[in-house]
Amino acid sequence: RVRARDPETGEVLPHGAAGELEFLVPSLMAGYFEDEQANRVAFTDDGWLRSGDLGHVCADGRFVFIARLGDALRLSGFLVSPAEIEDVLLQHASVESAQVVGASTAAGLKPVAFVIPRVDAAFDEQALIAHCAARIAKFKVPLRVRALESFPVTPGANATKIQKSKLRELARELLRDVR
């Protein structure tokens, strides 16, 4: 069985509402050996396994994965996958690659985008913001867009991972003066 739960309120959500996916299956592990703290983090009080994934459950019992919960952004009360905003940026002719993270402001969490421009393409922050504004909800439009030569990465045995934490630091610096 699968359900979605609001990660902030703990409320089990109706079909179609995005939250943390939780699972209850016959082959579910009993728990972490001699690690009660890990068990409290991994399992709900009624025995469901927290996945750490953002998604929603369909009326027919299927579920839809949206993103890792830690990568999701809570913007204007909605859980938003950064990939949705990144996909819009990638539709612009000047963008080769895009990453979006959240940065806190006095008005709440705001999206900040980082792009790698295409070779020989001019970077224009305002044009990219306008491009997004014409295609997605206002609360999803990046407050700032910064061009980078490359994303900060960590090489690994299975894949090279983008260091979102470093991008979040850069985003905080970009928004330092935003009230």
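Structure first, text after, so check above.
Residues numbered from 1 in each chain as written. Predicted model: local features only at pLDDT ≥ 70, side-chain atom pairs only at ≥ 80, totals over all residues. Heavy atoms only, no water.

What is the right way to read the side chain of T105 from this model?
In this fold, T105 is placed in strand β7 (residues 95-105). From its side chain, T105 meets the backbone oxygen of G108 in a polar contact 2.7 Å long. (Helix = DSSP H or I, 4+ residues; strand = E, 2+ residues; numbered from the N terminus. Polar contact = N/O pair within 3.5 Å; in protein donor to acceptor, adjacent residues only side chain to side chain.)

What is the right way to look at the nonpolar core in this model?
One recurring pattern in soluble globular proteins: nonpolar side chains tend to sit buried together. By size, the foremost hydrophobic cluster in this structure holds 17 residues, and its most contacted members are I85, L89 and V115. Elements that contribute at least two residues to this core include exactly β5 (73-75), α2 (82-90), β7, β8 (108-117) and α3 (125-133). Setting aside chain neighbours within four positions, we find I85 in contact with L75, V80, V100, P111, I136, K140 and P142. The next biggest cluster of nonpolar side chains, apart from the first, holds 11 residues, and it includes A103, V112, L167 and A171. (Core = buried A, V, L, I, M, F, W, Y, C linked by side-chain atoms within 4.5 Å. Buried < 20%, exposed > 50% of the residue type's maximum accessible area, 1.4 Å probe, protein only. Contact = heavy atoms within 4.5 Å.)

When you look at the pattern of salt bridges in this model, what are you seeing that I'm missing?
Think of it this way: side chains of opposite charge can pair up when their charged atoms draw near. The tally for this structure, following the rule as stated, stands at 10 salt bridges. Across the pair R144 and E125 runs a salt bridge, and its minimum N-O distance is 2.7 Å. Placement of the pair is R144 in strand β9 (residues 144-147) and E125 in helix α3, with a sequence separation of 19 residues. Put simply, R3, R5, E22 and D46 are held in one network by salt bridges that share partners. (Salt bridge = Lys/Arg side-chain N within 4 Å of Asp/Glu carboxyl O.)

Would you take a moment to explain the sheet that holds β9 for this structure?
The strands that make up a sheet pair up through hydrogen bonds in the backbone, lying either parallel or antiparallel. Taking strand neighbours across the sheet as the criterion, the 3 strands line up as β7-β8-β9 in an open arrangement whose pairing is mixed. Two strands lie at the open edges of the sheet, namely β7 and β9, each paired on one side alone. On average, each strand axis in the sheet is inclined to that of its neighbour by 25 degrees, with strand direction left out of account. Of the strand pairs in this sheet, β8 and β9 are connected by 4 bridges, and their pairing is parallel. Within β9, the residue paired with F114 across the bridge is R146. (Pairing = 2+ DSSP bridges. Axes fitted to C-alpha atoms, helices over the stretch in contact; angles between N-to-C directions.)

Mind showing me how you'd approach the packing of aromatic side chains here?
What describes a pair of aromatic rings is the distance from one ring centre to the other and the angle between the planes of the rings. Counted according to the given criterion, the structure contains 2 aromatic pairs. An angle of 70 degrees between the planes, with centres 5.2 Å apart, marks the rings of F23 and F63 as edge-to-face. Remark: F63 occurs in strand β4 (residues 63-68) and F23 occurs in strand β2 (residues 19-23); sequence separation between them is 40 residues. When the ring of F78 is compared with that of F139, the centres are 5.3 Å apart and the planes differ by 20 degrees; the resulting orientation is stacked. Taken as a pair, F78 in strand β6 (residues 78-80) and F139 in the loop between α3 and β9 lie far apart in primary sequence, 61 residues in all. Since its relative accessible area comes to 24%, F139 is described here as partly exposed. Here R3 stacks its cationic end above the ring of W48, 4.0 Å away from the centre of that ring. (Phe/Tyr/Trp six-rings, centres within 6.5 Å; stacked < 30°, edge-to-face > 60°. Lys NZ or Arg CZ within 6 Å of the ring centre and 35° of its normal.)

What's the story with the sheet that holds β2 in this structure? I'm lost.
Within the open sheet, the 4 strands sit side by side as β1-β2-β3-β4. Their pairing is antiparallel. At either margin of the open sheet sits one strand with a lone partner, and together these are β1 (2-5) and β4. Taken pair by pair, the neighbouring strands of this sheet meet at an average axis angle of 50 degrees, ignoring direction. As judged from the 5 bridges shared by strand β3 (residues 49-57) and β4, these two strands associate in the antiparallel manner. Paired with V57 across the two strands is F63, which belongs to β4.

Would you mind going over unusual backbone geometry with me for this structure?
One can expect most non-glycine residues to show negative phi and most peptide bonds to be in trans. Positive phi outside glycine occurs at E34, with the angle close to 50 degrees. Mapping E34 onto the fold places it in the loop between β2 and α1 (36-42). For D120, which is not glycine, the phi dihedral falls at a positive 65 degrees. Turning to its location among the elements, D120 is positioned in the loop between β8 and α3.

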